[in-house]
Amino acid sequence: MFDTILGLPVHPLVVHAPVVLLPLVAVALILLAFRPAWRSRFAMPVLVLLAIGSLGTVAAMLSGNALGERVGIPATHQTYGVSLVISSLVFLVVAGGWLLWTRKSEEPTGAQQGLGWVVALGSVGIIVLTGLVGHSGATAAWSDVVATQTPQPTTSEEAEPGPAASPADSPAATATPTAGTSAQASPTPSQPTGYTMDDVAQHATRESCWAAVDGNVYDLTQWIALHPGGEDRILGLCGTDASAAFRGQHSDQERPNDQLASMVLGPLVG
Ligand code: HEM
Ligand code: HEM
């Protein structure tokens, strides 16, 4: 149920509920905290949207885990995601309780107003955390695409001045280095559900460089030329189980882990 719908992953679909509703509701709550007179009219709609957004994070977590089984779990994103699930459910109870408690009071008591300040502060936290979750998810999904799929120059100022420039051979317009001729690095899995160490071992070159790390297989080909720590470090991993090397160098560092997650091919099997 949380895995796929119409042949596509559920996760990118359901995340819209929390990603859109939680910041919207948080802004509404901040306004309501400072405008007691608006509460009688808006408290219930805001509460309903808050409930949908908060419960949506649970659906996002379940579908995210299902997607992670296919493409690998992005560690940073998962940590932020789980934090958002917990905090938005706590927030639903606190802010929801406050809305129900204060919606009829024209003249709020000190305690009601005080809790309103807490809710407003919590709203800011929810906005920030939702941004972090969404950004880390989108980073895991898109950063390698952006880093490696360089747009073709379209404007005249980008055009090569030389005679009859070959489009396949004109990377000069951007800073992105290319990894030799490996742009289409063999994405042909031997089976769709996973990859064996034999599969990995067959991709041990600069032209097609795969490595296993902690139960997943990654295509590092494009990353060879981009690695801030140098090409050799990645070249040494091609065709191997790189778990120890990666953990030894980068275990709890956010950017390397995100970068790695963005290059996942699938789980290691056998
Ligand atoms: C808590 C457990 C979660 C797990 C395990 C998880 C897992 C994932 C995975 C595997 C991806 C795809 C990455 C890729 O393609 O390489 C992803 C993308 C994403 N996730 Fe999550 N996720 C979780 C929670 C959430 C939550 C709570 C939200 C939102 C509130 C969220 C929002 C997103 C977004 C916006 C994307 C990018 C989608 C796209 O641009 O295609 N995730 N997540
Ligand atoms: C697939 C494996 C690897 C990935 C995805 C990866 C990713 C990264 C990333 C994203 C950075 C930049 C970190 C930042 O800007 O905060 C980085 C830096 C670095 N990496 Fe890796 N790395 C990998 C393997 C290795 C290995 C095996 C070594 C060493 C044996 C290594 C050594 C370094 C060093 C020394 C730096 C720092 C470079 C500098 O800023 O001077 N990396 N790596």
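Thresholds, definitions, all that
Residues numbered from 1 in each chain as written. Chains lettered and ligands numbered in written order. Predicted model: local features only at pLDDT ≥ 70, side-chain atom pairs only at ≥ 80, totals over all residues. Heavy atoms only, no water. Buried < 20%, exposed > 50% of the residue type's maximum accessible area, 1.4 Å probe, protein only. Helix = DSSP H or I, 4+ residues; strand = E, 2+ residues; numbered from the N terminus. Arc of directions from axis to C-beta. Contact = heavy atoms within 4.5 Å. Near = heavy atom within 4 Å. Polar contact = N/O pair within 3.5 Å; in protein donor to acceptor, adjacent residues only side chain to side chain. Nonpolar A, V, L, I, M, F, W, Y, C, P; charged D, E, K, R; others polar. UniProt positions renumbered as here; feature names shortened; annotations may be inferred. Donors = N, O, S within 2.8 Å, 3.2 Å for Na, K, Ca; no water. Tetrahedral: all angles 85-135°; square planar, octahedral: opposite > 155°, others 65-115°. Core = buried A, V, L, I, M, F, W, Y, C linked by side-chain atoms within 4.5 Å.

Student: Would you explain helix α9 (residues 243-250) in this entry?
Tutor: Spacing of three or four residues puts side chains on the same side of an α-helix, whose turn is 3.6 residues. Considered for burial, the residues of α9 that qualify are Ser243, Phe246 and His250. The buried residues of α9 all sit within an arc of 80° when viewed along its axis, so they share a single face. Structural note: α9 exposes Ala244, Gly248 and Gln249 on the side pointing more than 90 degrees away from its buried face. On the buried face of α9, the contacting elements are β3 (210-213), β5 (240-241) and α10 (254-261).

Student: Can you help me understand the site of ligand 1 in this one?
Tutor: Residues in contact with ligand 1 amount to 26 residues; listed here are only the nearest, His11, Val15, His77, Ala140 and Trp142. Contact between ligand 1 and histidine 11: a nitrogen atom at 2.8 Å from a side-chain N or O atom of the residue. Histidine 77 is positioned such that a nitrogen or oxygen atom in its side chain is 2.8 Å from a nitrogen atom of ligand 1. Sorting the residues of the shell around ligand 1 by element identifies α2 (16-34), α3 (36-71), α4 (75-102) and α5 (110-148) as the ones contributing at least two each. Across the shell around ligand 1, the residue classes break down as 16 nonpolar, ten polar and no charged.

Student: I would appreciate a short explanation of the UniProt feature "transmembrane region" (unreviewed entry) in the protein in the present structure.
Tutor: Taking the numbering used here, the UniProt-annotated feature "transmembrane region" (unreviewed entry) corresponds to residues 13-34, 46-68, 80-102 and 114-134. The straight-line gap between the two end C-alpha atoms of residues 13-34 is 34 Å; of that span, 95% is helix and 0% is strand. Regarding residues 114-134, the helix share stands at 100% and the strand share at 0%, and the terminal C-alpha atoms are separated by 31 Å.

Student: Explain the site of ligand 2 here, please?
Tutor: Around ligand 2 sit 16 residues, and of these His227, Pro228, Arg233, Gln249 and His250 come closest. Within the side chain of histidine 227, one N or O atom sits 2.8 Å away from a nitrogen atom of ligand 2. One of the side-chain N or O atoms of histidine 250 is found 2.8 Å from a nitrogen atom in ligand 2. Among the secondary structure elements, those contributing two or more residues to the shell around ligand 2 are α8 (231-235), α9 and α10. The element best represented in the shell around ligand 2 is α9, accounting for four residues. Residue composition of the shell around ligand 2, by class: ten nonpolar, four polar and two charged.

Student: Would you mind showing me how to read the environment of leucine 32 here?
Tutor: Here leucine 32 is to be found in helix α2. Overall, the relative accessible area of 2% leaves leucine 32 in the buried class. Those residues in contact with leucine 32 that lie beyond four places of it in its chain are Trp38, Arg39, Phe42, Ala43, Val46, Trp98 and Leu99.

Student: What's the story with the coordination of the iron atom of ligand 1 in this structure? I'm lost.
Tutor: Any two of four tetrahedral donors ideally make an angle of 109.5 degrees at the metal, while pairs among six octahedral donors ideally make 90 or 180 degrees. Bound to the iron atom of ligand 1 on the protein side are His11 (NE2) and His77 (NE2), at distances that span 2.0 Å. Classification of the site at the iron atom of ligand 1 as octahedral follows from its six donor atoms and the range of 87 to 179° in their angles at the metal. In this pair, histidine 11 is assigned in helix α1 (residues 11-14) and histidine 77 in helix α4, connecting sequence segments 66 residues apart. Under the relative-accessibility criterion, histidine 77 is labelled buried at 16%.

Student: Teacher, can you tell me more about the nonpolar core here?
Tutor: Side chains that are nonpolar tend, in soluble globular proteins, to be buried together. Ranked by internal contacts, the top residues of the largest apolar core, which has 20 residues, are Leu29, Leu50, Phe91, Trp98 and Leu99. Elements with a minimum of two residues in this core: α2, α3, α4 and α5. If you tally residues by element for this core, the top one is α4, at six residues. Leu220, Ile224, Leu237 and Ala242 belong to the second largest nonpolar core, which has 15 residues in total.

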